[in-house]
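Chain and residue survey
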Amino acid sequence: MNHFKPYANESDVIRIGALEIENRTDRVSLTGDVVLTRDQAGLALAKELHTLLGQVVKALQAEEKLPQIVEVKPAQIVKNPF
C-alpha cells in the first residue's frame, strides 16, 4: 500500500479484504466489505485499513484551503475509442 497516495490521481485502486479503495483527485471511495476476524488475519487487515485511513486524514489535514464540501461531478459518457 506504500504506493497509494490519497487524492493523487484518478487511477489507483487497492483492496483490503473485499473492500475496494478507489483513488480520485477529489475523493477516495471505499466500496465492498472487510471482515476483521479476531485472529492474526483480522489484525493484519485492521492494520492495513488503519494505515490507509491515516494517510487519508494526513492528506486532508495538509490542505490549506479545504472546502466545506466538494462538488461531485456526474460521470460523463464518452464514445468507445475501439
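An account of the accompanying structure is given in this report. (Residues numbered from 1 in each chain as written. Predicted model: local features only at pLDDT ≥ 70, side-chain atom pairs only at ≥ 80, totals over all residues. Heavy atoms only, no water.)

A full pass over the atoms with the stated rule returns three salt bridges. In this structure, Arg15 engages Glu20 in a salt bridge whose closest nitrogen and oxygen atoms are separated by 2.6 Å. A residue is classified by how much of its surface remains accessible, and Arg15, at 55% relative accessible area, is exposed. Using a relative accessible area of 25% as the deciding quantity, one classes Glu20 as partly exposed. (Salt bridge = Lys/Arg side-chain N within 4 Å of Asp/Glu carboxyl O. Buried < 20%, exposed > 50% of the residue type's maximum accessible area, 1.4 Å probe, protein only.)

Remark on secondary structure: sheet strands pair via backbone hydrogen bonds, oriented parallel or antiparallel. As summarised here, the arrangement of the three strands in space is E1-E2-E3, forming an open sheet in which the pairing is antiparallel. Edge positions in the sheet fall to strand E1 (13–16) and strand E3 (28–33), since each has one partner strand and no second. Taken pair by pair, the neighbouring strands of this sheet meet at an average axis angle of 20°, ignoring direction. Here strand E2 (residues 18–23) runs beside E3; their pairing, made up of six bridges, is antiparallel. For Leu19, the partnering residue across the bridge sits in E3 and is Gly32. (Pairing = 2+ DSSP bridges. Helix = DSSP H or I, 4+ residues; strand = E, 2+ residues; numbered from the N terminus. Axes fitted to C-alpha atoms, helices over the stretch in contact; angles between N-to-C directions.)

The biggest cluster of nonpolar side chains holds 10 residues, and these are Phe4, Ile14, Ile16, Leu19, Ile21, Val28, Leu45, Leu49, Leu52 and Val56. For this core, the secondary-structure elements that each account for two or more residues are E1, E2 and helix H1 (40–62). For this core, the element with the most residues is H1, which contributes four residues. Contacts of Leu45, omitting those with residues within four sequence positions, involve Ile16, Gly17, Val34, Val35 and Leu36. (Core = buried A, V, L, I, M, F, W, Y, C linked by side-chain atoms within 4.5 Å. Contact = heavy atoms within 4.5 Å.)

For H1, with 23 residues, the first-to-last C-alpha span of 33 Å sits near the 33 Å given by 1.5 Å per residue. Here the buried face of H1 lies against E1, E2 and E3. (Expected span 1.5 Å × (residues − 1).)

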